[in-house]
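Here is what each chain is made of, one letter per residue.
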Amino acid sequence: MMRIVNLVDGALRGLVALCLMALTGLVIFQVVSRYVFGSVPLFAEETARFAMIWMAMMAAALGVRDATNIRIDLLPAAFGRLSAKARRVLEAGLETVSLAVFLVLAWYGLDAMLFAHGQDSPGMGIPLSYPYAVMPVAFVCAAGFSVLRIVYGPPVE
């Protein structure tokens, strides 16, 4: 099981790195094109925008995996003197709330992706469902990582 999780983790990290490299290359290409040739191809800006969105969404899913995502720690801080077992139950409950949010966002992301399928992007001419696919993919990954945190607890530093 953990082998599959590590494989998904590695794939997401690789995709984030690839998006960052593509984004950097495309921005440099845009600057050179603008100042050397006087115009920028439309696909470059659009591809850079899609790469940035994919990179941010996948990195957010990885944040759930690494327990570095933004959380409101009001309840754990308020009940700081709980036993280890009670604290674990509280953490699992909070993580269950996160899981529910991720699943709802994945569902609505899938709906948005299917809605956008009939439209094409102006720069690259691809169906907009391709860039929109990041929403269900990222939130399903975040939900999976959240399930792991419920079952196994937060990652050990």
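Preceding this paragraph is the structure being described.
How each quantity is defined
Residues numbered from 1 in each chain as written. Predicted model: local features only at pLDDT ≥ 70, side-chain atom pairs only at ≥ 80, totals over all residues. Heavy atoms only, no water. Helix = DSSP H or I, 4+ residues; strand = E, 2+ residues; numbered from the N terminus. Expected span 1.5 Å × (residues − 1). Buried < 20%, exposed > 50% of the residue type's maximum accessible area, 1.4 Å probe, protein only. Polar contact = N/O pair within 3.5 Å; in protein donor to acceptor, adjacent residues only side chain to side chain. Contact = heavy atoms within 4.5 Å. Axes fitted to C-alpha atoms, helices over the stretch in contact; angles between N-to-C directions. Parallel < 35°, antiparallel > 145°, perpendicular 65-115°, else oblique. Left-handed = near helix turned anticlockwise from the far one by under 90°. Nonpolar A, V, L, I, M, F, W, Y, C, P; charged D, E, K, R; others polar. Salt bridge = Lys/Arg side-chain N within 4 Å of Asp/Glu carboxyl O.

Peer 1: Break down helix 2 (residues 42-65) for me, with residues and values.
Peer 2: Its 24 residues place the ends of helix 2 35 Å apart at the C-alpha level, agreeing with the 34 Å of an ideal helix rising 1.5 Å per residue. With its phi angle positive at about 60°, Ala67 sits one or two positions after the end of helix 2.

Peer 1: How would you sum up the side chain of Asp9? Please name residues and give values.
Peer 2: With respect to the helices, strands and loops of the structure, Asp9 is situated in helix 1 (residues 2-37). Given the relative accessible area of 11%, Asp9 is considered buried. In this structure the side chain of Asp9 is engaged in a polar contact, spanning 3.4 Å, whose partner is the side chain of Arg65. Asp9 has contacts with Leu62 and Arg65, leaving out every residue within four places of it along the chain.

Peer 1: Go over the packing of helix 1 against helix 2, please, and point to the residues and values.
Peer 2: Between helix 1 and helix 2, whose axes approach to 8 Å, the crossing angle comes to 150°. By the angle between their directions, the pair helix 1 and helix 2 is classed as roughly antiparallel. Considering only the axes of helix 1 and helix 2, their crossing is left-handed. Its residues assigned to classes, the contact of helix 1 with helix 2 shows 20 nonpolar, three polar and four charged.

Peer 1: So, helix 4 (residues 84-116): which residues are in play, and what are the values?
Peer 2: With 33 residues, helix 4 ought to run about 48 Å at 1.5 Å a step, and its terminal C-alpha atoms sit 47 Å apart, in line with that. Within helix 4 the residues assigned to the buried category are Leu90, Glu91, Ala92, Glu95, Leu99, Phe102, Ala106, Gly109, Met113 and Ala116. In the core, the buried residues of helix 4 are packed alongside helix 2, helix 3 (74-78), helix 5 (129-132) and helix 6 (134-152).

Peer 1: Please set out the pattern of salt bridges residue by residue, giving values where relevant.
Peer 2: Inspection of the entire model under this criterion finds five salt bridges. Ionic pairing is found between Asp66 and Arg13, a salt bridge with its closest N-O pair at 2.9 Å. Note that Asp66 is positioned in the loop between helix 2 and helix 3 and Arg13 in helix 1, a separation of 53 residues in sequence. For Asp66, a relative accessible area of 28% corresponds to the partly exposed category. In this structure, Arg149 and Glu95 form a salt bridge, with 3.2 Å as the shortest nitrogen-oxygen distance. Here Arg149 is found in helix 6, whereas its partner Glu95 is found in helix 4, with 54 residues between them in sequence. Take Arg149: its relative accessible area is 9%, and that puts it in the buried class. Linked through salt bridges whose partners overlap, the residues forming this network are Asp9, Arg13, Arg65 and Asp66.

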